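# Breakdown of the fold
Below are the chains, spelled out letter by letter.
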Protein chains: 4
Amino acid sequence: MNEVIRMLKKRVFQANLALPKEQLVKLTWGNASAINRELGIVVIKPSGVPYSKMTEEQMVVTDLQGEILEKASLKPSSDLPTHLVLYQEFKEIGGIVHTHSKNAVKWAQAARDIPVYGTTHGDTFYGDIPCTRQLTKAEVNAEYEKETGNLIVATIQERALNPMAIPGIITQGHGPFTWASSVEKAVENSIVLDEIAEMAMGTEQINPQAARLTQYLLDKHYYRKHGEQAYYGQK
Amino acid sequence: MNEVIRMLKKRVFQANLALPKEQLVKLTWGNASAINRELGIVVIKPSGVPYSKMTEEQMVVTDLQGEILEKASLKPSSDLPTHLVLYQEFKEIGGIVHTHSKNAVKWAQAARDIPVYGTTHGDTFYGDIPCTRQLTKAEVNAEYEKETGNLIVATIQERALNPMAIPGIITQGHGPFTWASSVEKAVENSIVLDEIAEMAMGTEQINPQAARLTQYLLDKHYYRKHGEQAYYGQK
Amino acid sequence: MNEVIRMLKKRVFQANLALPKEQLVKLTWGNASAINRELGIVVIKPSGVPYSKMTEEQMVVTDLQGEILEKASLKPSSDLPTHLVLYQEFKEIGGIVHTHSKNAVKWAQAARDIPVYGTTHGDTFYGDIPCTRQLTKAEVNAEYEKETGNLIVATIQERALNPMAIPGIITQGHGPFTWASSVEKAVENSIVLDEIAEMAMGTEQINPQAARLTQYLLDKHYYRKHGEQAYYGQK
Amino acid sequence: MNEVIRMLKKRVFQANLALPKEQLVKLTWGNASAINRELGIVVIKPSGVPYSKMTEEQMVVTDLQGEILEKASLKPSSDLPTHLVLYQEFKEIGGIVHTHSKNAVKWAQAARDIPVYGTTHGDTFYGDIPCTRQLTKAEVNAEYEKETGNLIVATIQERALNPMAIPGIITQGHGPFTWASSVEKAVENSIVLDEIAEMAMGTEQINPQAARLTQYLLDKHYYRKHGEQAYYGQK
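These numbers come from a predicted model, not from an experiment.

All right, on to the interface of chain A and chain C then. How big an interface is tends to be stated in terms of the accessible area lost upon association of its parts. At the interface, 31 residues of chain A touch 32 residues of chain C. Summing the contributions of chain A and of chain C, the shared interface buries around 3,000 Å²; its carbon and sulfur component is 54%. Between chain A and chain C we count 4 salt bridges in total. Two residues, A:D79 and C:R224, come together in a salt bridge whose shortest N-O distance is 3.3 Å.

Given below as structure tokens:
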């Protein structure tokens, strides 16, 4: 088990390092985590540690209730409760990434869903990327980070979305969360989300009446890459 | 012949690597190919392989019908059928590049031609860069990638354009394809296309009534670099 | 004392070098300073020296009246009088940074406060970032740099703001000044200020009716990171 | 004299290399030149040579009439006639830079002067940066590059501007030319011009009614850095 945890810490460490490298976060913003469902453990970035000084060993190991499992551990990311809710509710996901990437944040602050304007979007997100409603004062003052997770789950469910087909969301006034079967894939989804957020903004600037991708082209592109009929990539 | 193929694979490999380096693609997006018309072979990037792990040997060799010519080959880019149609119809081209470069994609998603607002555009593209119509449901569901190629060819032909004078297009809701006498030149055309897409968007922002370049200045700049009277460059 | 000054020069030197590295300044624009309040000395970048040729030793040491304390010193940044006023009036600050970072400058030139549209902003700035009024002709022609400092202080005071909670400002037609308990933190505040300036511009583009962050979410985020109840970061 | 020419070639070579490094040009776009007025020689970039393969020796040496002075020389930049007119008419300049830097081009294509919205602009350009009128068909078809130079000179003169105080211009539908006492300073002016072009666009986006910098603050900033009363920089 120690070796399994060590490997998971290594992967989470590298996923976190990818965030500033891909210019998705500045300073200590952002966090990535992964789960091992057999062992019931989650590994997440420590809170507020500069990326340039972070080490693999500093990754924080908790159980699904957020209890820290290693002595002498640093404090986990303050967003841990959000991650835990998502792991509990979205049974298929293996990794989560939260950033303040600037283009996704612009849409979150504008309180708008990101419309699916093209195939770059449709290759990864099967439809508009939802923006949550605003958290209420009661929710914020109670358990803010946990309620953020609850709101994400509720938003996905109310819209009857499959979280594996819409593997990310923007939380109003805050920013993006993405997830995937693995933390590495969740990082990729963060990259895609920020890129298509910028593309969508430019699309509306060039043509304020821009139309969404047709459903049949969305189907084509999404299922070219996902599901049993996929034919993109190597086997 | 083996040496010829090896050299073509090398060139296609390097052209593909140029795409992330020039910030025209992220992740595994984009693909470049080249043709040797004497041998009747096309070399293209394999599908979905990360640029950081791609090797020269992995470039896929096919004939003009898309039949793979080497044993143990990886699968070619899923966009191969688009490339093949272009090679068949545009007899003078030697290389093709497809990207999801963000500024070109914005115009593709906005479903607008990119107007020729200046000499930066006119030095490479002799007029507006067309945006195709949308593919029909029947076209998408039949042979999507091949129909994309057919639509590109039809768009160039309906507008009575010379594909060597307008060496690129944007496909509606999708993104840019560029071509040229060589794959290296096609990469350059991708760089130019994205740059002028950004310039055109800013031009309209600064002046919503911006006018196109006059025909005589377009002629001057284009023919300063192209054709028998060209005097730009060495010899 | 010599060792204390040497260390302060080193820190100020490194803070100045961080500005071009973080793409907050071009050419010789921008300046960072720090104060040692026990010794009553201020260390600041020399005027107009290229960052690539600047040395630690060249940092200029003055007292709080701006008198140069080392023989053979270079001339201090022409903005020194602005820094001195801020050090005199804001007793808790230990470092100041001035840049012409492009997104913050856009708001300064637009003569608008930067609205607090999201938590990225609220994590560091507890409310809108003020834009000063324009300096009068008399102020400019008298002691321009000193009057800039006076106007910054007056703006913070008239709005009844705590300079430690709003650790930065934009001066109309000019650009941003940030401050903090240390010069390193002041650099971070410059990074944040430019990033949220860009985010705010995009937010308004996507939704011209975008609403400010609610007060309760601003309170939550700001006090999650600041003050006695803070729980972000390691102890 | 050979040593003087060698040094000038070295400086012009380095100035040209600075253009892609500062992200002001792509591919083979752009050119920088310098003049030695005592010797009556101009050194300029060769036409169409990739920056990555360019050598110091390849810089082209001509007289003020554009006659090439070295055997086995490459062809000079096709924009040489524009440079020559400027050297002949603006007696104080020692270097010229032409780029297609994207933000300056946006204004050139939008056919608008760049308004002096702030001190970043006023520190280098003492007022709006002019956009020329469009060249006539006759001008383009006669001696295009020379007429471009004539139009730049006429624009500066008709507006009664001092070319040393407005050390740059944008040519309509084309792009920026900057000049200065030295080619190194002309490169700096190109950097500044593109930066303030971007700032001005953002300023108008944030506040469509944005006002120009007041004359007295423009005077203050410009003369803080230029002329006998300058007190910015060392000495």
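Still more ground to cover, so stick around.
Over its 24 residues, helix α6 (residues 183-206) of chain C runs 35 Å from end to end, which matches the ideal 34 Å to within 8%, given 1.5 Å per residue. Burial analysis of α6(C) places 20 of its 24 residues in the buried class, the great majority of the element.

As a further point, take the relation of the copies chain A and chain C. Under the fitted operation, chain A is carried onto chain C by 0.0 Å of movement along the axis and a turn of 90°, and the coordinates agree to an RMSD of 0.0 Å. In the structure described here, the two chain copies are related by an operation that fits a four-fold rotation axis. Relative to the rotation axis, the closest C-alpha in chain A is found at A:Q205, a distance of 5.9 Å. A share of only 3% of the interface residues of chain A reappears at the interface of chain C, consistent with the copies meeting through non-equivalent patches.

This brings us to the relation of the copies chain B and chain D. Overlaying chain B on chain D yields an RMSD of 0.0 Å, the required transformation being a rotation through 90° with an accompanying axial translation of 0.0 Å. Looking at the interface residues of chain B, only 3% of them are also at the interface in chain D, so each copy uses its own face.

So, on to the packing of aromatic side chains. Two aromatic rings are characterised by how far apart their centres lie and by the angle between their planes. Scanning the entire structure with this criterion turns up 16 aromatic pairs over all chains. Between the aromatic rings of A:Y126 and A:Y222, the centroid separation amounts to 4.9 Å while the plane-to-plane angle is 35°, which identifies the pairing as tilted. Taken as a pair, A:Y126 in the loop between α4 (119-122) and α5 (137-158) and A:Y222 in helix α7 (residues 215-225) lie far apart in primary sequence, 96 residues in all. A residue is classified by how much of its surface remains accessible, and A:Y222, at 5% relative accessible area, is buried. Taken together, a centroid distance of 5.4 Å and an interplanar angle of 65° make the contact between D:Y126 and D:Y223 edge-to-face. With D:Y126 in the loop between α4 (119-122) and α5 (137-141) and D:Y223 in helix α8 (residues 215-225), this pair connects stretches of sequence that are 97 residues apart.

Turning our eyes to something else, we now look at the pairing of strand β6 (residues 175-180) of chain A. All names here are of chain A. Summarising burial for β6: 6 of the 6 residues are buried, a large majority. Both strand β4 (residues 95-98) and β6 contribute to a ladder of 4 bridges, which runs antiparallel. Each bridged residue has a counterpart across the sheet, and for G95 the counterpart in β6 is A180. For strand β5 (residues 168-171) and β6, the ladder comprises 4 bridges, and the chain directions are antiparallel. Pairing of T171 across the sheet is with G175, part of β6.

Backbone hydrogen bonds hold the strands of a sheet together, and the pairing may be parallel or antiparallel. All names here are of chain A. Ordered in space as β3-β2-β1-β4-β6-β5, the 6 strands form an open sheet in which the pairing is antiparallel. Only two strands of the sheet have a single neighbouring strand rather than two, namely β3 (60-63) and β5. The average angle at which neighbouring strand axes cross in this sheet is 20°, direction not considered. As paired strands, strand β1 (residues 31-36) and strand β2 (residues 41-44) are joined by 4 bridges and run antiparallel to one another. In the strand pairing of β2, A34 is matched with V43.

What follows covers the sheet that holds strand β3 (residues 60-63) of chain D. Residue and element names in this part refer to chain D. Judged by pairing direction, the sheet is antiparallel, and its 6 strands sit side by side in the order β3-β2-β1-β4-β6-β5 without closing on themselves. Taken across any chain shown, the strands that pair with only one partner, and hence form the sheet edges, are β3 and β5 (168-171). Taking the axes of each pair of neighbouring strands and ignoring which way they run, one obtains an average angle of 20° across the sheet. Contacting β1 (31-36), β2 (41-44), β3 and β4 (95-98), helix α1 (residues 2-21) crosses the sheet at an angle of about 155° to β1. Contacts between helix α7 (residues 183-206) and the sheet are confined to β1, β4, β5 and β6 (175-180), with β6 contributing the most and set at about 140° to the helix.

Glancing now at the pattern of salt bridges. Pairing between side chains of opposite charge can happen when their charged atoms approach one another. With the rule as written, the count across this model stands at 52 salt bridges over all chains. For the salt bridge of C:E198 with A:K106, the shortest nitrogen-to-oxygen distance reads 3.4 Å. Here C:E198, found in helix α6, pairs with A:K106, found in helix α3 (residues 102-110), and the two come from separate chains. Each member of the pair, C:E198 as well as A:K106, is classed as buried.

Residues and elements named next belong to chain A. Note on placement: E139 falls in helix α5. Engagement of the side chain of E139 in a polar contact is seen with the side chain of R133, the distance being 2.9 Å. Look past the residues within four positions of E139 in its chain and what remains in contact with it is R133, Q134, Y144 and E147.

In this section: the packing of helix α6 (residues 183-206) of chain A against helix α3 (residues 102-110) of chain B. Contact geometry for α6(A) and α3(B): axes closest at 8 Å, N-to-C directions at 50°. Judged on the interaxial angle alone, α3(B) and α6(A) are oblique. Every pair of crossing elements has a handedness; the one defined by α6(A) and α3(B) is right-handed. Contact with α6(A), carried on its side by A:E195, A:E198, A:M199, A:A200, A:G202, A:T203 and A:I206, involves B:K102, B:V105, B:K106, B:W107, B:Q109 and B:A110 of α3(B) and no other residues of that element. When grouped by side-chain class, the residues that make up the contact of α6(A) with α3(B) number 6 nonpolar, 3 polar and 4 charged.

Taken together, the 32 residues of chain B in the interface contact 31 residues of chain D. Surface buried jointly by chain B and chain D totals about 3,000 Å² across both partners, of which 55% is contributed by carbon and sulfur atoms. The shortest N-O distance in the salt bridge between B:E198 and D:K102 comes to 3.1 Å. Counting across the interface, chain B meets chain D through 21 residue pairs in polar contact (both at pLDDT 80 or more). Residue assignment for the side of chain B that touches chain D shows that the elements contributing at least two residues are α4 (119-122), α6 (183-206) and α7 (215-225) of chain B. Top contributing element to the side of chain B that touches chain D by residue count: α6(B), with 11 residues.

So, on to the nonpolar core. Residues A:W107, A:I114, A:F125, A:I170, B:L19 and B:V187 are the most contacted members of the largest nonpolar core, which totals 46 residues. Counting residues per element, the ones that place at least two in this core are α3 and α6 of chain A together with α1 (2-21), β1 (31-36), β2 (41-44) and α6 of chain B. For A:F125, the residues in contact, after removing those within four places along its chain, are A:A165, A:I166, A:P167, A:G168, A:N189, A:V192, A:L193, A:I196 and A:L218.

Another point: the arrangement of the chains. The two units chain B and chain C are non-contacting; their minimal C-alpha-C-alpha distance is 12 Å. Contact between chain A and chain D is absent, and the least distance between their C-alpha atoms amounts to 12 Å.

Conventions used here
Throughout this description, residue numbers start from 1 for each chain and increase along the sequence as written. Naming scheme: in the order in which they are written, chains are lettered from A and ligands are numbered from 1. Where totals are concerned, whole chains, interfaces and linings use all residues; where local detail is concerned, this predicted model gives features only for residues with pLDDT of at least 70, and gives and counts side-chain atom pairs only at 80 or more. With hydrogens and water set aside, each side-chain value is computed from the structure's full complement of heavy atoms. In what follows, residue pairs with any heavy atoms lying within 4.5 Å of each other are defined as contacts. Two parts placed together each lose some accessible area under a 1.4 Å probe, and the buried area is that loss summed for both. The rule for a salt bridge is simple: a side-chain nitrogen of Lys or Arg has to be within 4 Å of a carboxyl oxygen of Asp or Glu. By definition, any uninterrupted DSSP run of H or I lasting at least four residues is a helix, any uninterrupted run of E lasting at least two residues is a strand, and each is numbered from the N terminus. To estimate how far a helix should extend, the number of its residues minus one is multiplied by 1.5 Å. Any residue under 20% of the maximum accessible area for its type is buried, any over 50% is exposed, and the rest in between are partly exposed; the area is computed with a 1.4 Å probe on protein chains only. When the copies are overlaid, the least-squares fit takes in C-alpha atoms only where the residue has pLDDT of at least 70 in both copies. For this analysis, a ring pair means two rings from Phe, Tyr or Trp (six-membered ring only for Trp) whose centres lie within 6.5 Å, classed as stacked if their planes differ by under 30 degrees, edge-to-face if by over 60, and tilted for the remaining angles. Strands were regarded as paired on the criterion that DSSP finds at least two bridges between them. Throughout, an axis means a line fitted to C-alpha atoms (over the contacting stretch in the case of helices), and angles, computed between N-to-C directions, take values from 0 to 180 degrees. Side-chain atoms alone can form a polar contact between residues adjacent in sequence; in general such a contact is a pair of N or O atoms within 3.5 Å, and within protein one must be able to donate a hydrogen while the other accepts it. Throughout, the term roughly parallel applies to angles under 35 degrees, roughly antiparallel to angles over 145, roughly perpendicular to angles from 65 to 115, and oblique to all others. Two helices that cross are described as forming a left-handed crossing if the nearer one is turned anticlockwise from the farther one by less than a right angle, and a right-handed crossing if clockwise. Here the term charged refers only to Asp, Glu, Lys and Arg, the term nonpolar to Ala, Val, Leu, Ile, Met, Phe, Trp, Tyr, Cys and Pro, and the term polar to all other amino acids, Gly among them. By convention a nonpolar core is built from buried Ala, Val, Leu, Ile, Met, Phe, Trp, Tyr and Cys residues, the set being connected through side-chain atoms within 4.5 Å.

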